[in-house]
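Geometric and topological summary
What follows is the residue order along each chain.
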Amino acid sequence: MAKNKQNIPTLYFTQKSRDKLEGALFAGGVIGMAAFIIFYLMLYWYYSMIGLYVGGSCIITYIIITAKKVKDDGYDAHVKEFIEKNSLEPRSQYRLKLYDAARGYVKIGKDRKLRSSFYCISEFEFIRDKFDLTLTEIDFCESGDSAPKVTQRHYSLPVGTAHTLEETIIEAPEGTRSVHHLIILPEGETPIKLPVDSNSCDTDEIIKKIKKR
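What this report covers is the structure whose coordinates are included nearby. (Residues numbered from 1 in each chain as written. Predicted model: local features only at pLDDT ≥ 70, side-chain atom pairs only at ≥ 80, totals over all residues. Heavy atoms only, no water.)

Notes on helix α5 (residues 201-210)
Counting along an α-helix, one turn takes 3.6 residues, and residues three or four places apart therefore face a common direction. When α5 is considered as a whole, its buried residues turn out to be T203, I206, I207 and I210. Viewed end-on, α5 has its buried residues packed into an arc of 100 degrees, placing them on one side of the element. In this structure, α5 carries C201 and K208 as exposed residues pointing more than 90 degrees from its buried face. On its buried face, α5 sits against β1 (94-99), β4 (118-127), β5 (130-139), β7 (162-172), β8 (175-185) and β9 (192-196). Capping the start of α5, S200 holds a side-chain oxygen 3.1 Å from the backbone nitrogen of D202, two or three residues further along. (Buried < 20%, exposed > 50% of the residue type's maximum accessible area, 1.4 Å probe, protein only. Helix = DSSP H or I, 4+ residues; strand = E, 2+ residues; numbered from the N terminus. Arc of directions from axis to C-beta. Contact = heavy atoms within 4.5 Å. Polar contact = N/O pair within 3.5 Å; in protein donor to acceptor, adjacent residues only side chain to side chain.)

A few points about the nonpolar core
Ranked by internal contacts, the top residues of the largest apolar core, which has 19 residues, are F124, I184, I192, L194 and I210. Those elements that provide at least two residues to this core are β1, β4, β5, β6 (149-158), β8, β9 and α5. Residues within four places of I184 in sequence aside, it is in contact with F124, L133, L157, T161, A162, H163, P191, I192, L194 and I210. Ranked by size, the runner-up nonpolar core spans 14 residues in total, among them F13, Y99, I138 and F140. (Core = buried A, V, L, I, M, F, W, Y, C linked by side-chain atoms within 4.5 Å.)

Observations concerning the sheet that holds β5
Taken in spatial order, the 4 strands of this open sheet run β1-β4-β5-β6, and their pairing is antiparallel. For this open sheet the edge positions go to β1 and β6, each flanked by a neighbour on one side alone. In this sheet, adjacent strand axes meet at a mean angle of 15 degrees when their direction is disregarded. Sheet topology places β5 next to β6; 10 bridges connect them, and they run antiparallel. Its bridge partner being in β6, D139 is matched across the sheet by K149. Against the sheet, α5 makes contact with β1, β4 and β5, and its axis sits at roughly 130 degrees relative to β1, the strand it touches most. (Pairing = 2+ DSSP bridges. Axes fitted to C-alpha atoms, helices over the stretch in contact; angles between N-to-C directions.)

Side note on the pattern of salt bridges
In this structure the tally under the stated criterion is 10 salt bridges. Here E137 makes a salt bridge to R103, at a shortest N to O gap of 2.9 Å. Taken together, the residues span a long stretch of sequence, with E137 in strand β5 and R103 in the loop between β1 and β2 (106-108) at a distance of 34 residues. Residue class for E137 comes out buried when judged on its relative accessible area of 9%. Here R103 falls in the partly exposed class, since its relative accessible area comes to 26%. Ionic pairing is found between R115 and D111, a salt bridge with its closest N-O pair at 2.7 Å. For D111, a relative accessible area of 35% puts it in the partly exposed group. (Salt bridge = Lys/Arg side-chain N within 4 Å of Asp/Glu carboxyl O.)

Re the sheet that holds β8
Taken in spatial order, the 3 strands line up as β7-β8-β9 in an open sheet, and their pairing is antiparallel. Each edge of the sheet is formed by a strand with only one pairing partner; in this case those strands are β7 and β9. Going from strand to strand, the sheet's axes swing by 35 degrees on average, the running direction of each strand aside. The pairing of β8 with β9 spans 5 bridges and is antiparallel.

Focus on unusual backbone geometry
Backbone geometry places S87, a non-glycine residue, at a positive phi of 55 degrees. For S87, the position within the fold is in the loop between α4 (72-85) and β1. A positive phi angle is found at R128, which is not glycine, with a value near 55 degrees. Tracing the backbone through its elements, the reader meets R128 in the loop between β4 and β5.

With respect to α4
Between the first and last C-alpha of α4 there are 20 Å, a value that for 14 residues agrees with the 20 Å anticipated at 1.5 Å per step. Among the residues of α4, D72, Y75, H78, V79, F82 and I83 are the ones counted as buried. The buried residues of α4 occupy an angular sector of 130 degrees when projected down its axis, which confines them to one face. Among the exposed residues of α4, those pointing more than 90 degrees away from its buried face are D73, K80 and K85. Looking at the buried residues of α4, the elements they touch are α1 (8-14), β1, β3 (114-116), β4, β5 and β6. Where α4 ends, the next residue or the one after it, S87, has phi of about 55 degrees, a positive value. (Expected span 1.5 Å × (residues − 1).)

Have a look at this one:
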């Protein structure tokens, strides 16, 4: 039986960074093709062919090494498609959707955004003096060639349940970043840890509603 190929998320997080090589090949392609055009117009046929050979070789090599590369937007699109196909898109008014950079693979993309192989969807329903929380966690890299693992948990907690905002420093291959988690502390039960954006109005509103009125 043929071995399955690695899935898109695993390739995204484990592929080697070749930014310098890609930059050099791209520059070589541009310079080579520019030399070809200039020498061709000047009727220096021999030098124009050298420029064409060098430029063409660089361009072809660049295409080959980048053809299988998974880019930031490619990974984001894969995550979005999986959520939509599996009907995991939250419907609640109060919801959080974030990568959980405290777990799994982490990577800072070229757009400087921090991504993780774990994605969390937190849905809150506030009803009088209690709130229901549905936490959906997706592990996109449980193994290199299998489908993502989806875990869903449900909680029913009283408004006023103890909670705190925790900051963690994350070390990615590309540098360090600080991330935040909302830690909900049900009495006598295991703490519930949710990734949050500390600068988001949605996070502020959810925390306010968790507090006692």
